[in-house]
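# Remarks on the overall topology
This is what each chain is made of:
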Amino acid sequence: MSAINLLKELLKASEKAANIARVCRQNQRLFSLLVQEKEKDESNSRFDHDFKTLADCLIQEMIKYDIGKQFPELRDNIRGEENAKFTNTMGESVIVTVTDDPENTIQVLEKILNGDKEAASALVDEVYRDVELDTDALELPTDSIPLDNNWSELGIWIDPIDGTAEYIKGEEKLTKFPNIAAAGLKCCTVLIGVYETCQGTPILGVINQPFADKVSDQEECQGKYSGKIYWGMSIGDLKFNNIAPHEPDARIAILSPSEQSKYVDFIRNQLKYDVIYSSGAGYKILKIATGEAELFLISKGSTYKWDTCAPQAILRSMNGDLFNLQDTLINKSVKKISYQDRKVMRNLGGVIAYQNIDKLREFLKL
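All residue numbers here refer to positions counted from 1 along the written sequence of the relevant chain. Thresholds applied to this predicted model are a pLDDT of at least 70 for local features of residues and 80 or more for the giving and counting of side-chain atom pairs; totals over whole chains, interfaces and linings are not thresholded and use all residues. For side-chain calculations, the full set of non-hydrogen atoms in the structure is used, while hydrogens and water are omitted.

## Considering the overall build of the protein
Segments assigned H or I by DSSP are reported as helices when at least four residues long, segments assigned E as strands when at least two residues long, and all are numbered from the N terminus. Looking only at helices and strands, one finds 11 helices and 17 strands in the protein. The quantity called the radius of gyration is restricted to C-alpha atoms. Its globule counterpart is 2.2 Å times the number of residues to the power 0.38. Over its C-alpha trace the protein gives a radius of gyration of 20 Å, about what one expects of a compact globule, namely 21 Å for 366 residues. C-alpha extents for the protein along the principal axes are approximately 60 × 45 × 40 Å. Relative accessibility decides the category of a residue: with a 1.4 Å probe and only protein chains considered, values under 20% of the type maximum give buried, values over 50% give exposed, and everything between is partly exposed. By the burial criterion, 56% of the 366 residues in the protein qualify as buried. Of the contacts formed within the protein by residues at least 6 apart in sequence, a portion of 70% connects residues at least 24 apart. For the protein, the centre of its 44 positive side-chain charges and the centre of its 56 negative side-chain charges are spaced 6 Å apart. It only takes one pair of heavy atoms within 4.5 Å for two residues to be counted as in contact. None of His or the chain ends enter the tally, which takes Lys and Arg as positive and Asp and Glu as negative. To locate a charge, take atom NZ for lysine, CZ for arginine, CG for aspartate or CD for glutamate.

## Here we look at the packing of helix α8 (residues 281–289) against helix α9 (residues 305–316)
At a minimum axis separation of 9 Å, α8 and α9 run at an interaxial angle of 5°. In terms of axis orientation, α8 runs roughly parallel to α9. Packed against α8, whose contacting residues are A281, G282, I285, I288 and A289, the element α9 presents D307, T308, P311, I314 and L315 at the interface. Here the contact of α8 with α9 is composed, by residue class, of seven nonpolar, two polar and one charged. Lines are fitted to the C-alpha atoms to define the axes, a helix being fitted only along its stretch in contact, and any angle between axes, read from their N-to-C directions, falls within 0 to 180 degrees. In what follows, roughly perpendicular refers to angles from 65 to 115 degrees, roughly parallel to angles under 35, roughly antiparallel to angles over 145, and oblique to any angle outside these ranges. Three categories are distinguished: nonpolar for Ala, Val, Leu, Ile, Met, Phe, Trp, Tyr, Cys and Pro, charged for Asp, Glu, Lys and Arg, and polar for the others, with Gly belonging to the last.

## Let's talk about the UniProt feature "binding site: Mg(2+)" (unreviewed entry) in the protein
The UniProt record annotates "binding site: Mg(2+)" (unreviewed entry) at E81, D159, I161, D162 and D307. Across 227 residues of sequence, these annotated residues stay compact in space, with a maximum C-alpha separation of 9.8 Å. Relative accessible area serves as the criterion here: at 3%, I161 is assigned to the buried category. Apart from the residues within four sequence positions on either side, I161 is in contact with A21, T53, A55, D56, I59, Y167, C188 and T189. UniProt positions are given in the numbering used here, feature names are shortened, and annotations may be inferred rather than shown by experiment.

## Digging into the sheet that holds strand β17 (residues 351–354)
One bridge is not enough; two strands pair if DSSP finds at least two bridges between them. In spatial order, the strands read β14-β13-β15-β17-β16; together these five strands make up an open sheet with mixed pairing. Both outer strands of the open sheet, β14 (274–277) and β16 (321–324), are each paired with one neighbouring strand and no more. Strand-to-strand twist across the sheet, computed as the mean angle between neighbouring axes with direction ignored, equals 25°. Sheet analysis places β16 next to β17, joined by four bridges and oriented antiparallel. Note that in β17 the partner of F323 across the bridge is I352. Strand contacts of α9: β16 and β17, with the helix running at about 125° to β16, the strand carrying the most contacts. On the sheet, helix α11 (residues 357–365) packs against β15 (295–298), β16 and β17 and is oriented at approximately 135° with respect to β17.

What follows is the structure in structure tokens.
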């Protein structure tokens, strides 16, 4: 069993996902058909209105199909955020599926898109497109890295588009630090994380940022973006990633705009951090991994396993980690976020992330 083979498939799937996200977002006529409000039992309580898009559902099912086809023993252990049911404007409920037959997928999408075969075909082209990876640019290890686990002992969490609200609004807002966005498409990420089911430990993570950079300001290229892919692997004592070391521009804590004031005050006044607000859990934790921010904290249980599995795996590849915040505060000891219990999908105690564990110890002292 090769961890590199699995990583390559995750990277390919993430790039196909990014392509779908870009195709949907660039076509306004298509995009207007894709958005619907989540039902109450699948929405996030943080938001008054929580939306999903056809892009979310299609990406999730595409990733499950691609990975399951390459690794059949993993198929039943691949889970994602979205309910695959989508309702068209006629009120007809359709289950988004990706199968071996592209024509079948087109027919499913046509129903959702009110018979628009051209739009359905454009999406299906991306679903079944072969993606070539530049392994040199991605800095993949050249040596084979064995996995001690059987495929059936691994699980995968997918967040097809983390930051769906930002994906829908698309309003770019920057912070005073040019490498950190406050809101907008830059905050959207595709998250794919692999964990050991027995111990609940994340071992492989891929974060694809589909809208990392605008291609050009020229009129013919408006709305076009290029992406970036980040990955990390932590298997036993072996740790690899493609993230270059970076010294932060300042002592930065990156938080949600809805964070409780008592935590904001403590971080600003006691820990002496420069507090920056941003959107998207995956994006904020990515900024910890890249070293552009030092601390991520969310005090409420409003993140889920699909939000944290991939970025936590990347943090672990850098000797950092993601911890249960309330356990850390109450017990003055760290409890890492775990994926062992399949029934628990929410990170109920909140989370705190550091790349530098010495900084976490400093937090605990205060």
